[in-house]
Amino acid sequence: MMRGQLITFEGGEGGGKSTQLPLAAAYLREQGLEVITTREPGGTQIGEAIRGVLLNPDLPPMHPDTELLLMFAARNEHIQSAILPALAQGTWVLCDRFTDATYAYQGFGRGLDQARIAQLETWVQGVLRPDHILLFDLTVKTGMQRAKKRGAMDRFEQESYDFFERIRVGYLERAKTYSQQYRIVNAEQALEHVTQQMIQYLDEFIAEVGQ
Ligand code: TMP
């Protein structure tokens, strides 16, 4: 049986990736594929509990290394109990954020050493990497305006404009370095155009597997 594909949805705040992800799942299912949708941090009962700690704005400030380790602790649980078994069964896994978010947020955002993140990536993931990364890119200004409209802000959403600017730069830099995996979706556009562009990319991914 053919291994499933791991497609991750990345970007700053307010890019609409969490709205687009179920639409992507529905589209792929229409094409006859088995699909699961999940998210990070989270995706398992333990991962969701860790997410609660990571996003809680009422907790005292967290050491950046603690934040990094909790992201990978949640990720380990997710990979072992959900992602790898699904991929092995030929199921496509659509994941709202993955390790590229760690490079962007903890690396570029918090200023943690990229090499340290890479060590954890190798330890926790072995050779597992996303087959495709959809980067929902938009200006920080638009993203923050949209995120604010959603109401209560979590621990990350309360960060400064500069923090999110570094994250955007980080994602775009990674998109250049890993241009084979990355596809950039212009998330500044109206919702239906974002969906259209995403579906064009999904068609490419399906065609690649069929070859
Ligand atoms: P979400 O708002 O897209 O659901 O993601 C939760 C927050 O967690 C978001 O602000 C980004 C942050 N995050 C990291 O800082 N590092 C990571 O590795 C992941 C997966 C998420």
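Because the structure is predicted, anything quoted here is derived from the model rather than measured. (Residues numbered from 1 in each chain as written. Predicted model: local features only at pLDDT ≥ 70, side-chain atom pairs only at ≥ 80, totals over all residues. Heavy atoms only, no water.)

K.L.:
Lay out the overall build of the protein with the relevant residues and their values.
P.N.:
Each helix and strand counted, the protein has 8 helices and 5 strands in total. Its C-alpha atoms give the protein a radius of gyration of 16 Å, near enough to 17 Å, the size a compact globule of 211 residues would have. Each of the 211 residues in the protein was classed as buried or not, and the buried ones make up 48%. Expressed as a percentage of contacts within the protein between residues at least 6 apart in sequence, the contacts between residues at least 24 apart total 77%. Summed over all atoms, the accessible surface of the protein reaches about 10300 Å², with 54% contributed by carbon and sulfur. The centroid of the 21 positive side-chain charges in the protein is displaced by 3 Å from the centroid of its 27 negative side-chain charges. (Helix = DSSP H or I, 4+ residues; strand = E, 2+ residues; numbered from the N terminus. Rg over C-alpha atoms; globule rule 2.2 N^0.38 Å. Buried < 20%, exposed > 50% of the residue type's maximum accessible area, 1.4 Å probe, protein only. Contact = heavy atoms within 4.5 Å. Areas by Shrake-Rupley, 256 points an atom, 1.4 Å probe, with all protein chains shown as cover. Lys, Arg positive; Asp, Glu negative; His and termini not counted. Charge placed at Lys NZ, Arg CZ, Asp CG, Glu CD.)

K.L.:
Go over the site of the ligand with me, naming the residues and quoting the values.
P.N.:
In the region of the ligand, 14 residues are neighbours, and K17, R51, R97, T102 and Q106 sit closest. In this structure, E13 approaches the ligand through a side-chain N or O atom, which is 3.0 Å from an oxygen atom. At 2.8 Å from a nitrogen atom of the ligand is found a side-chain nitrogen or oxygen belonging to Q106. For the ligand, whose accessible area on its own is 470 Å², the fraction buried by protein is 94%. (Near = heavy atom within 4 Å. Polar contact = N/O pair within 3.5 Å; in protein donor to acceptor, adjacent residues only side chain to side chain.)

K.L.:
A description of the side chain of E157 should follow, citing residues and the corresponding values.
P.N.:
Here E157 shows up in the loop between α6 (140-149) and α7 (161-177). Exposure remark for E157: the relative accessible area of 11% places this residue in the buried category. There is a polar contact of 2.9 Å between the side chain of E157 and the side chain of R150. In this structure, E157 is in contact with E13, R150, A152 and F164, ignoring residues within four places of it in sequence.

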